[in-house]
Amino acid sequence: MVEKLKQVLKFLLLKKRNLVLKKIFYDHESFKSLFKKLRPINPGINYTRIGSLTDGGYLLPDDLKGIKYCYSPGVSDNSSFEEDLYKKYKIESYLCDNTVEKPNSESKGLSFIKKHLTIEDSHNTIKLKSWLKSFKSDNDMIMQMDIEGHEYKIILDTEQEILKKFRIIIIEFHSFEEIFTYGGFKLIEFCFEKLLRTHSIVHIHPNNVARPFKYKNIEIPVGLEITFLRNDRIKTKTFSNSFPHILDKPCLEQNLDFPLPEVFYNPEKILK
């Protein structure tokens, strides 16, 4: 019930945000350049789904051998991803969230702190660098992040060498429709430029919490689940052109699902 209320609130906030966009920013060459970088690749590795068949489940490359730890900021009442990691691969997960007292699961392999991941350390917040020092970590981990819009400042604040410690990164990006404002475009551009120095996008799945925002012939989902794989793990580098993947499932069963807009995997055709 808590998760459903959270999703409804998220939908209302995102819908309101779409309605109050005051000044549309769209520069053809800038958008074309960015979306070429966002185009998902096929890394030459099969995919697997970890977690639930709805919200809380994610697609990632089946390249989990040797990984011992996962860091998951943003727990709410769904820890199916982390439970699955431990059950299938014995990967221990470290979770943090200041909105809940503890995860709703007593599963083995989960360690929790009641703090928000942010860009400073305090009694109820923690930086990623400090969090890694507090628990076990190495140079080959997973990060699964769903922190309701705070992901952008975390990415920009975190040192490149720390991001590189994660073999696989799954991030739910919120408010992506703000790419149609100048400030939103630059924020998204800076974040992806940083992530793509060490990782490549290998999968994108839209969250169907709300319908995409449309401007001209471009549709942008308000929420995107994006999977990154560190570049040294990629076996081949061809573009992915078929979406949704057979393992993709709608985040919210009660909402109408929609496919990934073509601009994300065929920018030359759309951005004219």
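Criteria and cut-off values
Residues numbered from 1 in each chain as written. Predicted model: local features only at pLDDT ≥ 70, side-chain atom pairs only at ≥ 80, totals over all residues. Heavy atoms only, no water. pLDDT = per-residue confidence, 0-100. Contact = heavy atoms within 4.5 Å. Pairing = 2+ DSSP bridges. Helix = DSSP H or I, 4+ residues; strand = E, 2+ residues; numbered from the N terminus. Axes fitted to C-alpha atoms, helices over the stretch in contact; angles between N-to-C directions. Core = buried A, V, L, I, M, F, W, Y, C linked by side-chain atoms within 4.5 Å. Buried < 20%, exposed > 50% of the residue type's maximum accessible area, 1.4 Å probe, protein only. Phe/Tyr/Trp six-rings, centres within 6.5 Å; stacked < 30°, edge-to-face > 60°. Disulfide = S-S within 2.5 Å.

### Some details on the confidence of the model for the protein
Then step 1. The pLDDT averaged across the protein works out to 90; a share of 91% of its residues lies at or above 70.
Then step 2. Below pLDDT 50 for its whole length, residues 1-16 participates in 20 contacts with residues either more than four positions away or in separate chains.

### What to know about the sheet that holds strand E14 (residues 223-230)
Then step 1. Read from one edge to the other, the open sheet built from seven strands follows the order E6-E5-E4-E9-E10-E14-E11, with strand pairing classed as mixed. Single-partner strands in this sheet number two, and they are strand E6 (110-113) and strand E11 (199-206). Pairwise comparison of adjacent strand axes, ignoring direction, gives a mean angle of 15° for this sheet.
Then step 2. Inspection of the sheet shows E11 paired to E14 by seven bridges, in the antiparallel sense.

### A few points about the nonpolar core
Then step 1. Residues Phe173, Phe176, Ile179 and Phe264 are the most contacted members of the largest nonpolar core, which totals 49 residues.
Then step 2. In this structure, Ile179 is in contact with Phe25, Phe31, Leu34, Phe35, Gly184, Phe185, Ile188 and Ile220, ignoring residues within four places of it in sequence.
Then step 3. Listed in part, the 19 residues of the second largest apolar core include Ile41, Ile45, Tyr47 and Cys70.

### Some points on the packing of aromatic side chains
Then step 1. Taken as a whole, this structure holds 25 aromatic pairs when the rule is applied.
Then step 2. A ring pair is formed by Phe35 and Phe264, whose centres lie 5.2 Å apart and whose planes are at 75°; its orientation type is edge-to-face. Taken together, the residues span a long stretch of sequence, with Phe35 in helix H2 (residues 28-37) and Phe264 in the loop between strand E15 (238-239) and helix H8 (267-270) at a distance of 229 residues. The residues Phe35 and Phe264 share a single accessibility class, namely buried.
Then step 3. When the centroid spacing of 6.1 Å and the interplanar angle of 80° are considered together, the rings of Phe176 and Phe192 count as edge-to-face. Of this pair, Phe176 sits in the loop between strand E10 (166-174) and helix H7 (182-195) while Phe192 sits in helix H7, and the two are 16 residues apart along the sequence.
Then step 4. Judged by its relative accessible area of 1%, Phe192 is buried.

### A closer look at the environment of Leu260
Then step 1. Within the secondary structure, Leu260 sits in the loop between E15 and H8.
Then step 2. Along the primary structure Leu260 and Leu64 are separated by 196 residues, whereas in three dimensions their C-alpha atoms are 26 Å apart.
Then step 3. Leaving out residues up to four positions away in the same chain, Leu260 has contacts with Ile204, Pro206, Leu224, Phe243 and Tyr265.

### Remarks on the state of the cysteines
Then step 1. For the structure on display, the rule yields zero disulfides.
Then step 2. Counting only cysteine sulfurs, Cys70 is the nearest neighbor of Cys96, a cysteine outside any disulfide, at a range of 11 Å.
Then step 3. Take Cys96: its relative accessible area is 1%, and that puts it in the buried class.
Then step 4. Cys251 takes part in no disulfide bond, and the closest cysteine sulfur, belonging to Cys70, lies 17 Å away.

### Quick notes on the pairing of strand E9 (residues 141-145)
Then step 1. Burial analysis of E9 places five of its five residues in the buried class, which makes it a mostly covered element.
Then step 2. Burial of the side chains of E9 extends over both faces: Met141, Met143 and Met145 are buried on one face and Ile142 and Gln144 on the other.
Then step 3. Strand direction decides the pairing type here: strand E4 (residues 69-73) and E9, joined by two bridges, are parallel. Bridging from a neighbouring strand, Tyr71 pairs with Met143 of E9.
Then step 4. As paired strands, E9 and E10 are joined by five bridges and run parallel to one another. Bridge assignment links Ile142 to a residue of E10, and that residue is Ile168.

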